[in-house]
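# Chain and residue survey
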Amino acid sequence: PPGAGLFISVNAGGSMGQTVFEPWNDPDEKPLIQFKNVTKRFGDFTAIDNQTFDIYEKEFFALLGPSGCGKTTMMRMLAGFETPNAGEIFLDGQNLAGVPPHRRPVNMMFQSYALFPHMSVEANVAFGLRQEGMPRTDIALRVSEMLKLVRLEHFAKRKPHQLSGGQRQRVALARSLAKKPKVLLLDEPLGALDRKLREDTQFELMDLQYELGMTFLIVTHDQEEAMTVADRIAVMDKGRIIQIATPAEIYEVPNSRFVADFIGDINMMECKVVAHAEDGMRLHCPLFSCDIDVAQKVEAGIGETVWFAIRPEKVRISFDEPDSKVNAVHGEVWDIAYLGDVSIYHTHIADEETVRATVANRSRTVEKPVGWDDKVWLSWDRDAGLILTR
Ligand code: ATP
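Residues numbered from 1 in each chain as written. Predicted model: local features only at pLDDT ≥ 70, side-chain atom pairs only at ≥ 80, totals over all residues. Heavy atoms only, no water.

## A few points about the sheet that holds strand β5 (residues 94-95)
Stated formally: Here a strand pair is declared whenever DSSP counts at least two bridges between the two strands. Secondary structure follows DSSP: runs of H or I at least 4 residues long count as helices, runs of E at least 2 residues long count as strands, and numbering of each begins at the N terminus. Contacts are assigned to residue pairs with any non-hydrogen atoms lying within 4.5 Å of each other. Lines are fitted to the C-alpha atoms to define the axes, a helix being fitted only along its stretch in contact, and any angle between axes, read from their N-to-C directions, falls within 0 to 180 degrees.
Read across the sheet, four strands follow the order β2-β1-β4-β5 without closing on themselves; strand pairing throughout is antiparallel. Both edges of this open sheet fall to β2 (45-55) and β5, since each of them pairs with a single strand only. The sheet contact formed by strand β4 (residues 86-91) and β5 spans two bridges and is antiparallel. Along β5, the bridge assignment pairs Leu91 with Gln94. Packing of helix α1 (residues 71-79) onto the sheet brings it into contact with β1 (33-42), β2 and β4, and relative to β1 it is tilted by some 115 degrees.

Next comes the structure, spelled out in structure tokens:
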């Protein structure tokens, strides 16, 4: 498990304040979607490299990673638009090999929404149902149900060009939900929306997913979006999933430097193991005047190289020298970024080496604020940082 050996607890991820939803921790739960040793090559380029993972019913699952890491390819294989070169994909126990896209209980909402410009909102939503041959009265019912769901009942007769970006996005969503697929695939669904609308829509998506009890798979390169909506996140790099965990685990207990660095801001230093203790380890970082105590044990012998990682908000900054001689370094403030809610202090601890500390701006006035060029102490608790071995 991702948190093994680290003596911290993290909040359960997920949304809506529902009671604990962790089917992935229940050995009796059967996954809805299974990727088994799936490989996808384009020519001699390997886009997906022998990947195995599960997604559970009613899960909001996010694929997150830098551009080109293979997120969309993964999703397109599930939808049936790409065929794996090796491995298998199962849905509800059925091997999807050879099943054409329109026969899969999966619907994909595309980045561009792809609405028909000449059709009204209701005709757009009805399109797939008509093609399926659903009776007219059922179509009318379903369409009005869907438009109500996305709060567009009053826009049924409009054409896409008479709608805002956010409204168009909701039409596309209604259209992809209309057939009531088991799984909805969302490829950067909110990419075209501005920040505020995007945030609102993320919450709408979560509500909708919860209400419908459907399984959502979202592709995004926006870490905040993935953290907001997803029950679990798969962080990908170069065709491989590096870690799958809840947003809180991904943030608090990343399993590698790649994940730690990709999600949020983090200070990372190369260190050597100097001692093992019963409930943790002692490290030495050549850049630090102090040793580092960490309440975590990893598989690394004395003298081995590991990385110490700590989030800026877990580093204290003060004028007073702490009592402890470990987990405290002296430095000089070199840069301050005032962001309103927080300030980020860049502090030089060695020639060019900086440690970042974030301080919440709790009151509007501070008696003696830390300023540029001030000599300060940076310190942290032994359970605030973590040790990474890769
Ligand atoms: P983005 O966030 O930029 O959309 P992504 O993680 O979704 O990226 P994919 O679209 O899955 O990435 O592409 C993964 C890799 O496979 C990329 O390097 C891409 O160039 C390559 N690739 C994707 N489709 C094809 C194709 N049809 N032919 C050749 N190479 C492809």
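Having seen the model, we can carry on.
## Overview of the packing of helix α2 (residues 121-132) against helix α3 (residues 136-149)
The condition is simple: Angle categories: roughly parallel below 35 degrees, roughly antiparallel above 145, roughly perpendicular from 65 to 115, and oblique for all the rest. Note: crossing handedness is left-handed where the near helix turns anticlockwise from the far helix by less than a right angle, and right-handed where it turns clockwise. Note on residue categories: nonpolar means Ala, Val, Leu, Ile, Met, Phe, Trp, Tyr, Cys or Pro, charged means Asp, Glu, Lys or Arg, and polar means any other residue, Gly included.
Between α2 and α3, the least distance of the axes is 9 Å, while the angle of their chain directions is 125 degrees. The angle between α2 and α3 places the two elements in the oblique class. Of the two possible hands of crossing, α2 and α3 adopt the one that is right-handed. Note on element contacts: α3 touches α2 through Ile139, Arg142, Val143, Met146 and Leu147, opposite Val121, Glu122, Val125, Ala126, Leu129 and Arg130. A class-by-class count of the residues in the contact of α2 with α3 yields eight nonpolar, no polar and three charged.

## With respect to the sheet that holds strand β9 (residues 232-237)
The six strands are arranged β6-β7-β8-β3-β9-β10 in an open sheet whose pairing can be described as mixed. Looking at which strands have only one partner, the edges of the open sheet turn out to be β6 (106-109) and β10 (240-245). Averaged over neighbouring strand pairs, the angle between their axes works out to 20 degrees when direction is ignored. Taken together, the five bridges between strand β7 (residues 183-187) and strand β8 (residues 215-220) define a ladder with parallel strand orientation. Bridged to Asp187 within β8 is Val219. The strands touched by α1 are β3 (60-64), β6, β7, β8, β9 and β10; relative to β8, the strand with the most contacts, the crossing angle is about 150 degrees.

## Let's talk about the site of the ligand
This is how it is decided: Nearness is judged by heavy atoms alone; a residue qualifies as near a molecule or strand once a single heavy atom is within 4 Å of it. Under this definition, polar contacts are N or O atom pairs within 3.5 Å; protein pairs additionally need one hydrogen-donor-capable and one acceptor-capable atom, and for neighbouring residues in sequence, both atoms have to be side-chain atoms. Every accessible area reported is derived by Shrake-Rupley at a probe size of 1.4 Å, with residue values counting cover from the shown protein chains alone.
The environment of the ligand is formed by Phe42, Phe45, Ala47, Pro66, Ser67, Gly68, Cys69, Gly70, Lys71, Thr72 and Thr73. Within the contact set of the ligand, an oxygen atom lies 2.8 Å away from a backbone nitrogen or oxygen of Gly68. At 2.8 Å from an oxygen atom of the ligand is found a side-chain nitrogen or oxygen belonging to Lys71. In the complex, the protein chains occlude 59% of the 630 Å² of accessible area that the ligand would expose alone. Contributions of two or more residues to the shell around the ligand are made by β2 and α1. With three residues, α1 is the single largest residue contributor to the shell around the ligand.

## Points about a negative patch on the surface
Rule in force here: Surface patches are defined over residues having more than 30% relative accessible area and no salt bridge, joining like charges when they lie within 9 Å and nonpolar side chains (Val, Leu, Ile, Met, Phe, Trp, Tyr) when within 5 Å. Here, a salt bridge means any Lys or Arg side-chain nitrogen found within 4 Å of an Asp or Glu carboxyl oxygen. For the purpose of counting charges, residues Lys and Arg are taken to be positive, whereas Asp and Glu are taken to be negative. His and the chain ends are not included. Charge positions come from single atoms, namely NZ of Lys, CZ of Arg, CG of Asp or CD of Glu. Burial classes: relative accessible area under 20% of the type maximum marks a residue as buried, over 50% as exposed, and values in between as partly exposed (1.4 Å probe, protein chains only).
On the surface, Asp26, Asp28, Glu29 and Glu57 cluster together to form a negatively charged patch. If you trace the backbone, Asp26 turns up in the segment before β1. With a relative accessible area of 31%, Asp26 lands in the partly exposed category.

## Quick look at the environment of Met75
Mapping Met75 onto the fold places it in helix α1. For Met75 and Val219, which are 144 residues apart along the polypeptide, the C-alpha to C-alpha distance reads 7.8 Å. Dropping the residues within four chain positions of it, Met75 is found in contact with Met108, Leu185, Leu186, Asp187, Leu217, Ile218 and Val219.

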